[in-house]
4 protein chains.
Amino acid sequence: MRKSKMSLIFQAAIDVFSEKGFDKATMDDIAARANVAKGTIYYHFKSKEELFLFLVEEGVELLRDGVESKLLPDMTPTEKLELIVREQINFFGQYRDFCVILLRESWGAEERQLEFRKMIRSYMYLIEAVVQEGIAKEEFHFVNPENVSSGLFGMISIAALHILLGHKPYDGDALFQDMRRMTFSGLLKQGEDKL
Amino acid sequence: MRKSKMSLIFQAAIDVFSEKGFDKATMDDIAARANVAKGTIYYHFKSKEELFLFLVEEGVELLRDGVESKLLPDMTPTEKLELIVREQINFFGQYRDFCVILLRESWGAEERQLEFRKMIRSYMYLIEAVVQEGIAKEEFHFVNPENVSSGLFGMISIAALHILLGHKPYDGDALFQDMRRMTFSGLLKQGEDKL
Amino acid sequence: MRKSKMSLIFQAAIDVFSEKGFDKATMDDIAARANVAKGTIYYHFKSKEELFLFLVEEGVELLRDGVESKLLPDMTPTEKLELIVREQINFFGQYRDFCVILLRESWGAEERQLEFRKMIRSYMYLIEAVVQEGIAKEEFHFVNPENVSSGLFGMISIAALHILLGHKPYDGDALFQDMRRMTFSGLLKQGEDKL
Amino acid sequence: MRKSKMSLIFQAAIDVFSEKGFDKATMDDIAARANVAKGTIYYHFKSKEELFLFLVEEGVELLRDGVESKLLPDMTPTEKLELIVREQINFFGQYRDFCVILLRESWGAEERQLEFRKMIRSYMYLIEAVVQEGIAKEEFHFVNPENVSSGLFGMISIAALHILLGHKPYDGDALFQDMRRMTFSGLLKQGEDKL
DNA sequence: TATGAATGAGTCTTCATTCAT
DNA sequence: TATGAATGAAGACTCATTCAT
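As the structure is a prediction and not an experimental result, all values here were calculated from the model. (Residues numbered from 1 in each chain as written. Chains lettered and ligands numbered in written order. Predicted model: local features only at pLDDT ≥ 70, side-chain atom pairs only at ≥ 80, totals over all residues. Heavy atoms only, no water.)

K.L.:
Residue-level account of the UniProt feature "domain: HTH tetR-type" (unreviewed entry) in chain A, with values.
P.N.:
Here the UniProt feature "domain: HTH tetR-type" (unreviewed entry) sits at residues 3–63 of chain A. Split by type, residues 3–63 of chain A is 84% helix and 0% strand. Its first and last C-alpha atoms lie 24 Å apart. (UniProt positions renumbered as here; feature names shortened; annotations may be inferred. Helix = DSSP H or I, 4+ residues; strand = E, 2+ residues; numbered from the N terminus.)

Here it is, written out as structure tokens:
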């Protein structure tokens, strides 16, 4: 059974967008990669913009829903945050191309980019909520949850991408150990009293 | 005495590139913003690419040299890292436009983007060296310095940009407190023994 | 049924290139002359260079094949050469524009120009072979066939073009008589013994 | 003693124009080759066009005057024509670059190109006059002198250039033998009676 | 549903020429 | 005389989008 044209286009679009970025990628590229006539893309998607948006939406949802569904109510904030860190690292390993897209195309003032940041924001809220819960339950230090959630997201993202784009083997577990350490106890051996 | 055309172009280029990104920015935009004929840009820079590269080089150097010159040999690793965190936060506040450029244009496989990542890497080495020193002096936990340095860079960058692009007032000191906490003692109140 | 866009472009390109030369001719000119959008040209030809090359290839082939197909094996070398002279003169009369292109654009060190000279060379070989045959059969004097074939080609070409560009009526038969005389018996009344 | 800027420019212009042709050659090229500032060229020549025209004028004059001064009144038409053939062949060998310019830039409808053809015409008249004299004195067959003079000019030019551009050693004497044969007795062994 | 030829607005880049010094 | 920074018009080429089939 042949794959639907639609899904061929979808996959080709991810490949091409992650390789070249939104602006440099052409509809011809995508059509060629999907083995489909250019017109066919326009039959399924109104525009390049829409195709791209659709793609990113799907991706962020996949990340958010994946994490969200694993966050059980009876976990402690620490357990929850640990899970988030681990899941995000796995996701980056698995959807490397998509993650490149995310980091490339989220900064700027275009409508599309604002939209992207909102999507990412919707994921960050997950982290933020856990941080807030941790503070409320006095498990975590008192910090600004928004700063910390964006910081954590950035820490994991950049560290992961740094490995992936350096074409080194991606050892998710090792990265997880370091990221967990950073997140929970920081670098100092003597702990907080020093500060 | 009027500013040299060269520096007019330089400033205009930063403005336009940060607003629109490399691909969407046009040489006409930049020329108009600089109040200069388009040919004048090409008199000073061989191409759009070269202008852009020059600009980013200058910026990363400014960041790296600024930090490097303040790192004194008799500081402890903790003091050094604290200084780096603070300086980077200040830099992002001061050169917001340039920082947007950096985060937008560093991901991808084009020659230019590889070049950018190398430049960023040259800054990350500063952090990495301090982390290594801290581990050697047993001030810091044993971690992979490369993971941690890219993680720290990402944490600060994304957190800072998140505020700057959200058009909120940029309170560098508050951000510094949170980032320092994350860096040194992490979120957990009970410290490392829990882990 | 309307002519294919492709052939409209082809004809327009001949017109414009012969009028203005390769460098001065613009793709806008050609598009306008062909009543076609500029992009359409690029849909069919990868570049100005390619369009031009294609055009010249076709032209030289037309000349060479036209002559070649009329050269019958049982002709004497003299008859063959006579036929070549006549055919080339007719060709110049008929494809004046193309011939101007040929003479304009074949001299220089650019890739394209080397290519052109090769094409012309492929035509000269026809002449050269006949000259060689004539020498072998002792109908012709002993001469360097390469010198003579390029000389004959130049003689006919420049003489023809000289008339065509002088905007005089092109009397192919009269020109043929003179060129035949030059080719076979030369100017001297007393013939070779004088030399 | 340093060469005058003027003559530096002159020589540089010949080099560059013959290498790249009128359109592709730039004033920057010429200035660089002449080790002179671009403005300096404009101090001596009103425009690119004028510089070029001046150059070609000088060259054609050199050819024409060289030949003309050697044509003595008491020579027979045959001797005169022989001398012309020899001189032109020598000239092509000596001023190869200039001759390429001549053949490249003489065809077309631009003012400059009409001008060029006039200059070449002024040289052809020399040949034409000799042919006419030869016919009048019944040394030469009755032919159209204009056809024959342009034909001879083309024969020699193309044959010479064919060797020069093929990067073969230029044996002027051998070429002269072949061109003289063509000019005076033609290819046929049996002479004119056959025709 | 699917195609691919056609479009034309938009971009980077070049270069002859000018002019203040 | 000589310079070289500055100009801006012009040209090759790209590519998202449309539409007749």
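K.L.:
For the protein's contact with DNA strand F, give the residues involved together with the corresponding values.
P.N.:
If you check the shell around DNA strand F, you find 30 residues, and the closest are T40(B), Y43(B), H44(B), K38(C) and T40(D). Sugar plus phosphate, as a fraction of atoms of DNA strand F within 4 Å of the protein: 71%. Measuring from a phosphate oxygen of DNA strand F, one finds a backbone N or O atom of A37(B) at 3.2 Å. With respect to DNA strand F, the backbone of G39(D) contributes an N or O atom lying 3.2 Å from a base nitrogen. Elements represented by at least two residues in the surface near DNA strand F include exactly helix 3 (38–44) of chain A, helix 3 (38–44) of chain B, helix 3 (38–44) of chain C together with helix 3 (38–44) of chain D. Residues of the surface near DNA strand F, tallied by class, amount to 12 nonpolar, 10 polar and 8 charged. (Near = heavy atom within 4 Å. Polar contact = N/O pair within 3.5 Å; in protein donor to acceptor, adjacent residues only side chain to side chain. Nonpolar A, V, L, I, M, F, W, Y, C, P; charged D, E, K, R; others polar.)

K.L.:
Please provide a residue-by-residue account of the pattern of salt bridges, values included.
P.N.:
Think of it this way: side chains of opposite charge can pair up when their charged atoms draw near. Going through the model one piece at a time under the given rule, you end up with 84 salt bridges over all chains. Two residues, R112(A) and E105(A), come together in a salt bridge whose shortest N-O distance is 3.6 Å. Accessibility classification places R112(A) together with E105(A) in one group, the buried group. The partner of K24(B) in a salt bridge is E110(A), and the shortest N-O contact between them spans 3.6 Å. (Salt bridge = Lys/Arg side-chain N within 4 Å of Asp/Glu carboxyl O. Buried < 20%, exposed > 50% of the residue type's maximum accessible area, 1.4 Å probe, protein only.)

K.L.:
How would you sum up the relation of the copies chain D and chain C? Please name residues and give values.
P.N.:
Each copy of the chain is related to the other by a rotation around an axis and a translation along that axis. Each copy superposes on the other: chain D lies on chain C with an RMSD of 0.2 Å after a rotation of 180° and an axial shift of 0.2 Å. Such values leave the two copies arranged in the relation of a two-fold axis. When you check the interface residues of chain D against chain C, 100% turn up at the interface there too, and the contact is symmetric in its surfaces. (Least-squares fit on C-alpha atoms with pLDDT ≥ 70 in both. Contact = heavy atoms within 4.5 Å.)

K.L.:
Before we move on, can you summarise the relation of the copies chain B and chain A with the specific residues and values?
P.N.:
If you rotate chain B by 180° and push it 0.1 Å along the axis, it lands on chain A with an RMSD of 0.1 Å. Interface overlap between copies is the fraction of interface residues in one copy that are interface residues in the other; for chain B against chain A it reaches 100%, indicating a shared surface.

K.L.:
Summarise unusual backbone geometry; cite the residues concerned and give the values.
P.N.:
For E138(A), which is not a glycine, the phi torsion comes out positive at approximately 60°. Taking the relative accessible area as the measure of exposure, E138(A) reaches 57% and is therefore exposed.

K.L.:
Please set out helix 2 (residues 27–34) of chain C residue by residue, giving values where relevant.
P.N.:
Residues and elements named next belong to chain C. Listed in full, the buried residues belonging to helix 2 are M27, I30, A31 and A34. Buried residues of helix 2 fall within an arc of 100° about the axis and therefore sit on the same side. Buried residues along helix 2 sit in contact with helix 1 (5–24), helix 3 and helix 4 (48–70). Once helix 2 ends, the next one or two residues include N35, with phi positive near 55°. (Arc of directions from axis to C-beta.)

K.L.:
With reference to specific residues and values, describe the domain arrangement of chain A.
P.N.:
Residues and elements named next belong to chain A. The domain architecture assigned to chain A consists of domain 1 (1–45) and domain 2 (52–185). The C-alpha centroid of domain 2 is placed 28 Å from the C-alpha centroid of domain 1. Taken together, the 12 residues of domain 1 in the interface contact 10 residues of domain 2. Interface area, domain 1 with domain 2, both sides summed: about 970 Å², of which 72% is carbon and sulfur. Its largest share of buried area at the contact with domain 2, domain 1 owes to F10, S18 and F22, together 50% of the area lost on that side. A per-class count over the side of domain 1 that touches domain 2 returns 7 nonpolar, 2 polar and 3 charged. (Domains from an automatic or database assignment. Buried area = accessible area lost by both parts, 1.4 Å probe.)

K.L.:
Give me the lowdown on the protein's contact with DNA strand E, citing residues and values where you can.
P.N.:
Within the structure, DNA strand E sits among 30 residues, and T40(A), K5(C), T40(C), Y43(C) and H44(C) are positioned closest to it. A share of 67% of the atoms of DNA strand E within 4 Å of the protein falls on sugar and phosphate groups. A distance of 3.5 Å separates a sugar or linking oxygen of DNA strand E from a polar atom in the side chain of Y43(A). One of the backbone nitrogen or oxygen atoms of G39(C) is found 3.3 Å away from a base nitrogen of DNA strand E. Within the residue set of the surface near DNA strand E, elements represented by two or more residues are helix 3 of chain A, helix 3 of chain B, helix 3 of chain C together with helix 3 of chain D.

K.L.:
Got a sec to walk through the interface of chain B and chain A? Specific residues and values, please.
P.N.:
Facing 60 residues of chain B, the contacting portion of chain A comprises 60 residues. Between chain B and chain A, the buried area comes to about 5,400 Å², and carbon and sulfur atoms account for 60% of it. Here chain B is connected to chain A by 6 salt bridges. Counting across the interface, chain B meets chain A through 23 residue pairs in polar contact (both at pLDDT 80 or more). Counting residues per element, the side of chain B that touches chain A draws most heavily on helix 8 (residues 145–165) of chain B, at 15 residues. Each residue belonging to the side of chain B that touches chain A can be placed in one class, and the counts come to 26 nonpolar, 15 polar and 19 charged.

K.L.:
Give me the lowdown on the packing of aromatic side chains, citing residues and values where you can.
P.N.:
Within this structure, the stated rule accounts for 36 aromatic pairs over all chains. Aromatic pair F10(A) and F54(A): ring centres 5.8 Å apart, planes at 80°, arrangement edge-to-face. Taken as a pair, F10(A) in helix 1 (residues 5–24) and F54(A) in helix 4 (residues 48–70) lie far apart in primary sequence, 44 residues in all. With centroids separated by 5.3 Å and ring planes inclined at 55°, the aromatic side chains of F52(D) and F116(D) adopt a geometry described as tilted. Remark: F116(D) occurs in helix 7 (residues 111–136) and F52(D) occurs in helix 4 (residues 48–70); sequence separation between them is 64 residues. Judged by its relative accessible area of 0%, F52(D) falls in the buried class. Classification of F116(D) as buried rests on a relative accessible area of 1%. The rings of F17(A), F22(A), F52(A) and F116(A) are connected pair by pair, giving a single aromatic cluster. In this arrangement the basic side chain of R86(D) is found over the ring face of F176(D), its NZ or CZ atom lying 4.0 Å from the centre. Above the plane of the ring of F22(D) lies R112(D), whose end atom (NZ or CZ) is 3.7 Å from the centre. (Phe/Tyr/Trp six-rings, centres within 6.5 Å; stacked < 30°, edge-to-face > 60°. Lys NZ or Arg CZ within 6 Å of the ring centre and 35° of its normal.)

K.L.:
Describe the environment of L175(C), listing the residues and the values that go with them.
P.N.:
The topology assignment puts L175(C) in helix 9 (residues 172–184). Taking the C-alpha atoms as reference points, L175(C) and A160(C), 15 residues apart in sequence, are found 7.7 Å from one another. Other than its neighbours up to four places away in sequence, L175(C) contacts I89(C), A159(C), A160(C), I163(C), Y170(C) and N147(D).

K.L.:
So, the arrangement of the chains: which residues are in play, and what are the values?
P.N.:
For the non-touching pair chain A and chain C, the nearest C-alpha separation works out to 12 Å. The smallest C-alpha distance separating chain B from chain D is 12 Å, and no contact links them.

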